[in-house]
Amino acid sequence: MNESQALLRLQEIDLELMRLNGQLKAMPQQKKLAAIDAAKKNLAGKMKSIVGQRKDAEIDLEDNEAAHEKTVARVNEVQSEAHDRAQDFRGVRDLEAHLTALAKQLEKLEFHHRELEGNLERLLKAEQNANDLGKRLDEERAAQQEAYERASADIMARVRVLAADRKAALVDISEEVAGRYDKAARRFGGLAVERLRGNMPTTCRVKLQQGLFDELMRGPVITECPYCHRMLVTEGALANE
Ligand SMILES: [Zn+2]
């Protein structure tokens, strides 16, 4: 291939690759995969919050149990003190009042303990549910990915052929022209190159004045369209295709 032919081939390959990429992106599995990924992200945020709350709840419960244990020990102490002072009537009365206060404190701690246990149980359940949902999402994602790969196998095979063709075309294109092509492709959304047919460029389709046409035909075969500034291949402009 000469350079202008290779350039036109490159353009053809890239337009087909763009079209195939569009098809891949539009496949229903892609939409589902994106939705699953969004759900997983959302779940990860929730999970972090649940685990944080669950750890706090465990600490609260441990604190409550430690306080309970301490209070029970105090009760035992006061009881044995009361036993020792059995003869000291007033002292015993004070100790009994103390015991009553401790018993109230224990009751309060036990009530709170039930609340804390309920809370922890609720959080553990929420954590389990979130874990289950995460597993279901992972399974669903794997299934969608597999379906996507099956459905896109033909397109992917074609993409691989085109990638090889692209490499081959680039062999015949100078670095300078390839650089101009990349720039024009970015600027014009892929439609980087047009040809001249007669005195009309094939993409912008603005007829060239005779003087401009003559000037272009005297210049290099790969030039720039004076109107739209795409790359313009003048070779073959006068052929009867
Ligand atoms: Zn043009």
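Residues numbered from 1 in each chain as written. Predicted model: local features only at pLDDT ≥ 70, side-chain atom pairs only at ≥ 80, totals over all residues.

Before going further, it helps to examine the overall build of the protein. Regarding its fold elements, the protein presents 6 helices and 4 strands. Along the protein, helices (α) and strands (β) appear in the sequence α-α-α-α-α-β-β-α-β-β when read from the amino end. Expected size for 241 residues packed as a compact globule is a radius of gyration near 18 Å; at 40 Å, the protein overshoots this value by more than 25%. The dimensions of the protein, computed from C-alpha atoms along their principal axes, are 130 × 35 × 30 Å. (Helix = DSSP H or I, 4+ residues; strand = E, 2+ residues; numbered from the N terminus. Rg over C-alpha atoms; globule rule 2.2 N^0.38 Å.)

Let us now look at the packing of helix α2 (residues 28-84) against helix α3 (residues 89-151). With their axes 6 Å apart at the nearest point, α2 and α3 run at an angle of 160° to one another. By the criterion of interaxial angle, the relationship of α2 to α3 is roughly antiparallel. Seen from above, α2 lies across α3 with left-handed handedness. Classifying every residue of the contact of α2 with α3 gives 30 nonpolar, 15 polar and 12 charged. (Axes fitted to C-alpha atoms, helices over the stretch in contact; angles between N-to-C directions. Parallel < 35°, antiparallel > 145°, perpendicular 65-115°, else oblique. Left-handed = near helix turned anticlockwise from the far one by under 90°. Nonpolar A, V, L, I, M, F, W, Y, C, P; charged D, E, K, R; others polar.)

Attention shifts here to helix α4 (residues 153-171). Helix length check: α4 (19 residues) gives 28 Å between terminal C-alpha atoms against 27 Å at 1.5 Å per residue, within 8%. Among the 19 residues of α4, 1 are classified as buried, and the element is accordingly described as predominantly exposed. (Expected span 1.5 Å × (residues − 1). Buried ≥ 20, exposed ≤ 12 C-beta atoms within 10 Å, placed from the backbone.)

What follows covers the sheet that holds strand β3 (residues 222-224). Read from one edge of the open sheet, 4 strands run β2-β1-β4-β3, paired in mixed fashion. Pairing within the sheet leaves two strands with one partner each, and these edge strands are β2 (200-201) and β3. Bridge count between β3 and strand β4 (residues 231-233): 3 bridges; the pairing is antiparallel. Following the sheet pairing, Glu 224 is matched in β4 by Met 231. (Pairing = 2+ DSSP bridges.)

Domain assignment breaks the protein into domain 1 (3-7 + 173-233) and domain 2 (28-151). Each of domain 1 and domain 2 has a C-alpha centre, and the two are 72 Å apart. (Domains from an automatic or database assignment.)

For the rest of this paragraph, the subject is unusual backbone geometry. With a phi angle near 55°, Arg 205 is a residue other than glycine that sits in the positive phi range. Owing to 11 C-beta atoms within 10 Å, Arg 205 belongs among the exposed residues under this scheme. At His 229, a residue that is not glycine, the phi angle is positive and equals roughly 70°.

Below, the discussion takes up the environment of Val 159. Its location among the elements puts Val 159 in helix α4. Separated by 151 residues in the primary sequence, Val 159 and Leu 8 have C-alpha atoms spaced 18 Å apart. For Val 159, the residues in contact, after removing those within four places along its chain, are Leu 17 and Leu 20. (Contact = placed C-beta atoms within 7 Å.)

On to the pairing of strand β1 (residues 193-197), then. Moving residue by residue along a regular strand, the side chains alternate between the two faces of the sheet. The buried fraction of β1 amounts to 4 of the 5 residues, a majority that puts the element mostly inside the structure. As defined by bridge partners, β1 adjoins β4 across 3 bridges and the pair is classed as parallel. Of the residues in β4, the one forming a bridge with Val 193 is Met 231. Where β1 and β2 come together, 2 bridges link them in antiparallel fashion. In the sheet register, Arg 197 faces β2, and the bridge partner there is Met 200. The loop that links β1 with its antiparallel partner β2 comprises 2 residues; one of these, Gly 198, has a positive phi angle of about 60°.

Let us now look at the nonpolar core. By size, the foremost hydrophobic cluster in this structure holds 17 residues, and its most contacted members are Leu 7, Leu 10, Tyr 181, Ala 192, Val 193, Met 231 and Val 233. Among the elements that take part in this core, helix α1 (residues 3-26) stands out by supplying 4 residues, more than any other. In this structure, Val 233 is in contact with Ser 4, Leu 7, Leu 8, Val 193, Arg 195, Leu 196, Val 221 and Ile 222, ignoring residues within four places of it in sequence. (Core = buried A, V, L, I, M, F, W, Y, C linked by C-beta atoms within 7 Å.)

It is worth spelling out the environment of Asp 88 at this point. Within the element layout of this structure, Asp 88 appears in the loop between α2 and α3. You can call Asp 88 exposed: it has 12 C-beta atoms within 10 Å. Along the backbone, Asp 88 and Leu 99 are 11 residues apart, and their C-alpha atoms lie at a distance of 16 Å.

Attention now goes to the packing of α1 against α4. At their nearest, the axes of α1 and α4 sit 10 Å apart, and the two run at 155° to each other. Between α1 and α4, the interaxial angle falls into the category roughly antiparallel. In this structure, α1 crosses over α4, and the sense of that crossing is left-handed. For the pair formed by α1 and α4, the contact residues are Ala 6, Arg 9, Leu 10, Ile 13, Glu 16, Leu 17, Leu 20, Gln 23 and Leu 24 on the first element and Ile 155, Arg 158, Val 159, Leu 162, Asp 165, Arg 166, Ala 169 and Leu 170 on the second. Among the residues making up the contact of α1 with α4, the classes are represented as 11 nonpolar, 1 polar and 5 charged.

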